[in-house]
Amino acid sequence: MKKSFGIILLVTILLSVSTTSMASRILTAPTADLLGVGLGELDFNYQRERGSLEVNLGLHPQANLGVRQYFGGSLVGTAKIGILTEGKERPGVALGGEIGLGEQNFYVALSKQLGAPGLRGHLAWGSGRYSRGMGGIGLVLNPVQVKTTQGWVLPTTSLVFEYDGRGLNGGLVAQFNPEFQGYLSTSFGQGVGFGLNYKVEF
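Residues numbered from 1 in each chain as written. Predicted model: local features only at pLDDT ≥ 70, side-chain atom pairs only at ≥ 80, totals over all residues. Heavy atoms only, no water.

Engineer: How do you make sense of the overall build of the chain when you look at a structure like this?
Structural biologist: Counting its regular elements, the chain contains 1 helix and 14 strands. Within the span of the chain, comprising 202 residues, buried residues form 44% of the whole. (Helix = DSSP H or I, 4+ residues; strand = E, 2+ residues; numbered from the N terminus. Buried < 20%, exposed > 50% of the residue type's maximum accessible area, 1.4 Å probe, protein only.)

Engineer: Is there a simple way to think about the side chain of Thr31 in this case?
Structural biologist: With respect to the helices, strands and loops of the structure, Thr31 is situated in the loop between α1 (2-15) and β1 (39-47). What makes Thr31 buried here is its relative accessible area of 0%. A polar atom in the side chain of Thr31 sits 3.1 Å from the backbone nitrogen of Asp33. (Polar contact = N/O pair within 3.5 Å; in protein donor to acceptor, adjacent residues only side chain to side chain.)

Engineer: I tried to follow the nonpolar core on my own but got confused; where do I start?
Structural biologist: As a rule of thumb, soluble globular proteins bury nonpolar side chains together. Within the largest apolar cluster, 13 residues are counted, with the highest numbers of intra-cluster contacts made by Leu27, Ala109, Met134, Val160 and Val173. Once residues lying within four places of it in the same chain are set aside, the contact partners of Met134 are Ala29, Pro30, His122, Leu123, Ala124, Arg129, Tyr163, Asp164 and Gly165. (Core = buried A, V, L, I, M, F, W, Y, C linked by side-chain atoms within 4.5 Å. Contact = heavy atoms within 4.5 Å.)

Engineer: I keep staring at the pairing of strand β11 (residues 156-163) and nothing clicks. Help me out?
Structural biologist: Remark: a regular strand shows side chains that alternate across the two faces of the sheet. Pairing geometry for strand β8 (residues 134-142) and β11, over 7 bridges, is antiparallel. Bridge pairing links Leu139 to Leu159 in β11. Bridging between β11 and strand β12 (residues 168-175) involves 8 bridges; their strand directions are antiparallel. Each bridged residue has a counterpart across the sheet, and for Val160 the counterpart in β12 is Gly171. Connecting β11 to the next strand, β12, in antiparallel fashion are 4 residues, including Gly165 with a positive phi near 90°. (Pairing = 2+ DSSP bridges.)

Engineer: When you look at the packing of aromatic side chains in this model, what are you seeing that I'm missing?
Structural biologist: Aromatic ring pairs are defined here through the distance separating the ring centres and the angle between the ring planes. Under the defined criterion, the tally for this structure stands at 5 aromatic pairs. Members of the aromatic cluster, each reached through a chain of ring pairs, are Phe44, Tyr46, Phe71 and Phe194. (Phe/Tyr/Trp six-rings, centres within 6.5 Å; stacked < 30°, edge-to-face > 60°.)

Engineer: Explain the environment of Pro61 here, please?
Structural biologist: Looking at where Pro61 falls in the secondary structure, it is placed in the loop between β2 (50-60) and β3 (63-70). With 26 residues separating them in the primary sequence, Pro61 and Leu35 have C-alpha atoms 8.0 Å apart.

Engineer: Help me understand the environment of Gly138 in this model?
Structural biologist: Its place among the elements puts Gly138 in strand β8. Along the sequence, Gly138 and Glu162 sit 24 residues apart, while their C-alpha atoms lie 8.6 Å from each other. Filtering out sequence-adjacent residues up to four positions away, Gly138 remains in contact with Gly118, Leu119, Arg120, Leu159 and Val160.

Engineer: What's the story with the environment of Asn197 in this structure? I'm lost.
Structural biologist: Among the structural elements, Asn197 can be located in strand β14 (residues 192-201). Exposure remark for Asn197: the relative accessible area of 1% places this residue in the buried category. For the pair Asn197 and Val55, spaced 142 residues apart in sequence, the C-alpha separation works out to 9.8 Å. In terms of polar contacts, Asn197 uses its side chain to reach the side chain of Glu41, at 3.0 Å. Reaching out from Asn197, the side chain makes a polar contact with the side chain of Lys199 at a distance of 2.9 Å.

Engineer: Looking at this structure, how should I read the sheet that holds strand β4 (residues 75-84)?
Structural biologist: Either a parallel or an antiparallel arrangement is found when strands of a sheet pair, and the pairing is made through backbone hydrogen bonds. Ordered in space as β1-β2-β3-β4-β5-β6-β7-β8-β11-β12-β13-β14, the 12 strands form a closed barrel in which the pairing is antiparallel. Geometrically, the sheet is characterised by an average inter-axis angle of 20° between neighbouring strands, direction not taken into account. Pairing of β1 with β14 involves 8 bridges; the strand directions are antiparallel. Following the sheet pairing, Tyr46 is matched in β14 by Phe194. (Axes fitted to C-alpha atoms, helices over the stretch in contact; angles between N-to-C directions.)

Okay, here's the thing in structure tokens:
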């Protein structure tokens with residue numbers, strides 16, 4: 001446990017020149033953010049020793065639909081409906097759900113910029129795996145890509161922390177280009193997590 005936390009902390013320090021939170025979630029906790037119309041995303045996520053592959057589609061300005069396959073587990077359909085667009089004085093609000101064989105989880109999510117540029121907060125609560133509530137924050141460390149003196153181009157990076165209903169997660173999300181991002185994280189006391197996200201127009 002201490003060793004994996006130390007590795008993540010070292011990576012965080014060394015890479016704190018690179019992410020924004022993912023459109024549909026922080027690391028695992030959902031947000032009120034939606035994909036734009038005509039955008040799709042392919043998302044791989046491994047957290048707390050459980051992996052999944054998910055496809056999401058922006059079919060309407062206020063609606064996303066998708067499907068998620070848990071490795072060695074169930075296939076679930078996902079949906080998110082935007083209820084309120086985020087404004088200067090109000091949070092964005094969305095209703096979401098996941099339905100599969102023997103599994104039904106529903107939630108309401110709120111997302112809002114928290115004053116400082118690049119700092120956003122998210123809350124979610126509902127039924128099933130969302131019944132304990134979830135929430136987190138994301139802070140953009142560098143809003144533009146940085147080119148080092150050695151010629152390396154470092155991605156834009158965000159530092160993220162969340163409570164996922166089971167415990168705390170923290171990590172870095174690196175945006176390599178507008179279409180592709182990845183993250184490296186730790187679930188404090190339960191190992192390392194990682195993920196990849198690719199967006200495409202359809």
